[in-house]
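# Residue-level structural notes
The lines below spell out each chain.
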Amino acid sequence: MASAFRIALIQLAVTANKVENLTRASKLISEAAKSGAKIISLPECFNSPYGTKYFPEYAEKIPGQSTESLSKAAKDNEVFLVGGSIPEEDNGKLYNTCTVYNPKGEMIAKHRKIHLFDIDIPGKFKFKESDALSPGNTLTVFDTGFCKVGIAICYDIRFAEIAQLYCKQGCGLLLYPGAFNMTTGPAHWEILQKARALDNQLYVAAISPARDETASYIAWGHTSAVNPWGEVIAKANHEEKIVYADIDLAYMNEVRQQIPLQHQRRHDLYQVL
Ligand SMILES: NC(=O)CC(=O)C(=O)O
């Protein structure tokens, strides 16, 4: 399998119309596949506006309407597809869930957001995802043949240990469907991607919905990809856009040889268990 491949990150303009979101996502997935992308990702909450009041209304069982549409898009375009996330209903509980498909359209992974977004920045921004959602309890890595890919959702990017564990499990790429906002986005979105990429010397991408100034939660946008040297190699502004990034695992290995962090850890003194 090739050590260099293209990924596409779809900064989708999500609306309140679920069918419209699914149709538009499928169209952009086809466009990205035609441009040579082998792994394609949608943003967090790609089928619904982001907000605790929307989750119960848009929630679906898996499999359901949205995941059937993702499976078909992966199969029709013969790509690995990371389905951003959707509000999922299971046994009376709601989750923020990412499903992943192989080029045959088979679901190969399902990841529920582990850390719920409960923050309070007085006078600026408050959000309590746990008012509506329950947290997931598993970490998620899948293999593509190109490299192993680790998945986590949005707020999960702030927890460095997950990325470290994924690195230890052999991932070359971490994908974070996410929707930062106008307070934390400019402050932390890019620097967190750089931090996870540099700490672990791998590729990191974060995939946001496009910004909708009329929404109750205004997403920062700025879908981007960062290489193992900590450089932003591809980036959107805030409008709908497909962001392409070329992943080069030979380059990743070069960086790891030049600065051999992986072999220099003092596990005799410390260890993340
Ligand atoms: N929306 C999120 O889950 C996270 C976020 O916006 C932040 O960490 O900031």
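Now for a quick tour of the structure. (Residues numbered from 1 in each chain as written. Predicted model: local features only at pLDDT ≥ 70, side-chain atom pairs only at ≥ 80, totals over all residues. Heavy atoms only, no water.)

Counted according to the given criterion, the structure contains 13 aromatic pairs. Ring plane angle 75° and centroid distance 5.4 Å describe the contact between Phe127 and Tyr217, whose orientation is recorded as edge-to-face. Taken as a pair, Phe127 in strand β8 (residues 125-128) and Tyr217 in the loop between β12 (203-207) and β13 (224-226) lie far apart in primary sequence, 90 residues in all. A relative accessible area of 12% places Phe127 in the buried class. With a relative accessible area of 9%, Tyr217 lands in the buried category. In this structure, Arg112 packs its charged tip against the face of Tyr95, placed 3.8 Å from the ring centre. (Phe/Tyr/Trp six-rings, centres within 6.5 Å; stacked < 30°, edge-to-face > 60°. Helix = DSSP H or I, 4+ residues; strand = E, 2+ residues; numbered from the N terminus. Buried < 20%, exposed > 50% of the residue type's maximum accessible area, 1.4 Å probe, protein only. Lys NZ or Arg CZ within 6 Å of the ring centre and 35° of its normal.)

This part covers the environment of Asn21. Following the sequence through the fold, Asn21 ends up in helix α1 (residues 18-34). Taking the relative accessible area as the measure of exposure, Asn21 reaches 2% and is therefore buried. Sequence-distant contacts of Asn21, that is, excluding residues within four places in its chain, are made with Leu12, Ala13, Val14, Thr15, Phe46, Asn47 and Ser48. (Contact = heavy atoms within 4.5 Å.)

Just geometry here; none of it tells us what the structure is for.
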